[in-house]
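# Secondary and tertiary structure notes
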Amino acid sequence: MNKLALRQLILCGAFITATPAMASVIATFDDLPFPPALDSATGIQWTNASSSLEYQGVIWDARFGVVGDQYRVGGPSGPLFGIPHSGHYFVSNSSGSSGMTITTDKILTGAWFGRNQYYGFGEGGADQVTIVALNGASELGSVVFDLPESHPGLPEPLSFVNTSIFAALGPITGYRIDRRELGQQNGNWVADDFQFVDATQVPAPGGAVLMLGGMAALLAARRRRA
């Protein structure tokens with residue numbers, strides 16, 4: 001293939017694969033109707049008037065707790081429980097629960113996770129999370145992420161967990177968040193800014209590749225006739 005044909009193929013590929021920016025929903029937990037005080041925490045169902053678990057078109061496990069960024073453990077002089085990625089609120093798994101569920105057909109493309117400070121009593125909380133994409137009871141795929149520990153004795157800044165690979169899976173009905181407990185304390189983690197996109201906006205896998213293959217064949221045939 002000559003340079004001109006190659007350039008044409010590249011330009012065509014760029015045109016095909018370029019898609020409008022997918023509208024996303026970000027669960028920041030800062031626009032809840034009735035959030036707790038900044039120095040407090042409450043179950044997500046108590047942050048709206050109807051006690052519903054729905055927020056941003058997603059159904060959240062009742063064990064999700066919404067926490068303010070001034071919430072401290074062990075009294076006013078204790079350490080902050082956690083740090084949000086943005087705004088003033090984040091979520092955590094109440095009582096250190098594992099198997100937390102999120103029910104939605106949207107694609108989770110990423111979220112911010114980190115370690116909390118567990119009462120200042122040495123090791124505690126969770127040091128790893130696993131996010132599992134589900135179709136009913138079937139596991140479609142998962143992402144495992146080790147939670148960094150770089151500020152001993154303090155809650156950790158959150159790190160981005162990229163789950164965009166879930167877009168390549170079959171129909172999704174929800175997600176499960178498992179955790180690995182560290183030490184003998186409850187296995188809490190901290191999370192914020194869950195990013196979702198509508199499944200109908202995700203391009204069908206392989207479509208652009210097939211079209212590029214057809215264009216390559218067309219350009220090759222044109223070159224042979226020249």
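Residues numbered from 1 in each chain as written. Predicted model: local features only at pLDDT ≥ 70, side-chain atom pairs only at ≥ 80, totals over all residues. Heavy atoms only, no water.

## Brief notes about the overall build of the chain
For clarity, the cut-off: Labels follow the DSSP assignment, with helices taken as runs of H or I lasting at least four residues and strands as runs of E lasting at least two, numbered in each case from the N terminus. Only heavy atoms enter the contact rule, under which two residues are in contact if any of them lie within 4.5 Å. Each accessible area is a Shrake-Rupley result for a 1.4 Å probe, and residues are judged covered by the shown protein chains and nothing else.
When helices and strands are counted, the chain shows two helices and 13 strands. Pairs at least 24 apart in sequence give 75% of the contacts found in the chain among residues at least 6 apart. Of the accessible surface of the chain, which amounts to about 11500 Å², a share of 59% is contributed by carbon and sulfur atoms.

## Describing the environment of Ala168
In this fold, Ala168 is placed in the loop between strand E11 (159-162) and strand E12 (174-181). Sequence separation of Ala168 and Gly141 is 27 residues, and the distance between their C-alpha atoms is 9.8 Å.

## Points about the pattern of salt bridges
As a reminder, the rule being used: What makes a salt bridge here is a side-chain nitrogen of Lys or Arg within 4 Å of a carboxyl oxygen of Asp or Glu, nothing more. Using a 1.4 Å probe on the protein chains alone, a residue whose accessible area is under 20% of its type maximum counts as buried, one over 50% counts as exposed, and one in between counts as partly exposed.
Scanning all chains against the criterion turns up six salt bridges. Across the pair Glu139 and Arg176 runs a salt bridge, and its minimum N-O distance is 2.9 Å. Remark: Arg176 occurs in strand E12 and Glu139 occurs in strand E10 (residues 138-146); sequence separation between them is 37 residues. Overall, Glu139 belongs to the exposed group, its relative accessible area being 52%. Close ionic contact of Arg176 with Asp178 constitutes a salt bridge, the shortest N to O distance being 3.0 Å.

## A closer look at the side chain of Asp61
Within the fold, Asp61 resides in the loop between strand E4 (58-60) and strand E5 (64-68). Owing to a relative accessible area of 10%, Asp61 belongs among the buried residues under this scheme. With near-sequence residues (within four places) excluded, Asp61 lies in contact with Ile44, Leu53, Gly99, Met100 and Thr101.

## Quick look at the side chain of Gln128
How we decide: Counted as a polar contact is a pair of N or O atoms within 3.5 Å, where, for protein atoms, one must be capable of donating a hydrogen and the other of accepting one, and residues adjacent in sequence contribute only when both atoms are in side chains.
Following the sequence through the fold, Gln128 ends up in strand E9 (residues 126-135). Judged by its relative accessible area of 16%, Gln128 is buried. Within the structure, Gln128 has its side chain in polar contact with the side chain of Asp146 (distance 2.7 Å). Setting aside chain neighbours within four positions, we find Gln128 in contact with Val144, Phe145, Asp146, Leu147, Asp178, Arg179 and Arg180.

## Looking at the packing of aromatic side chains
Stated formally: Stacked, tilted and edge-to-face are the three classes assigned to paired rings of Phe, Tyr and Trp, where Trp is represented by its six-membered ring and a pair needs centres within 6.5 Å; plane angles under 30 degrees give stacked, over 60 edge-to-face, the rest tilted.
Taken as a whole, this structure holds 13 aromatic pairs when the rule is applied. Their ring planes at 90 degrees and their centres at 6.1 Å tell us that Phe29 and Phe194 sit as a pair that is edge-to-face. Of the two residues, Phe29 sits in the loop between strand E1 (24-27) and strand E2 (41-43) while Phe194 sits in strand E13 (residues 190-197), which places them 165 residues apart along the sequence. Centroid distance Trp60 to Phe194: 5.2 Å. Interplanar angle 85 degrees. Geometry classified as edge-to-face. Of this pair, Trp60 sits in strand E4 while Phe194 sits in strand E13, placing them 134 residues apart in sequence. Three or more aromatic residues joined by ring pairs make a cluster, and in this case those are Phe29, Tyr55, Trp60, Phe64, Phe113, Trp189, Phe194 and Phe196.

## A short note on the nonpolar core
Quick note on the threshold: For our purposes a nonpolar core is just a set of buried Ala, Val, Leu, Ile, Met, Phe, Trp, Tyr and Cys residues, chained together by side-chain atoms within 4.5 Å.
Among the nonpolar cores identified, the biggest contains 34 residues, and Phe29, Trp60, Phe113, Trp189 and Phe194 are the most heavily contacted of them. Not counting residues up to four positions away in its chain, the partners in contact with Phe194 are Val25, Ile26, Ala27, Phe29, Trp60, Val91, Ile102, Leu108, Gly110, Ala111, Phe113 and Ile177. In terms of nonpolar packing, the next biggest core, distinct from the first, is built from six residues, Val73, Phe90, Leu158 and Val190 among them.

## Points about the confidence of the model for the chain
What counts, and what does not: Known as pLDDT, the predictor's confidence for each residue is given on a scale from 0 to 100.
Confidence along the chain averages 82 in pLDDT terms, with 75% of residues attaining 70 or more. With pLDDT under 50 throughout, residues 3-20 is counted as low confidence; its partners more than four residues away or in other chains account for 17 contacts. In the model, residues 206-216 has pLDDT below 50 throughout and makes 11 contacts with residues more than four positions away in sequence or in other chains.

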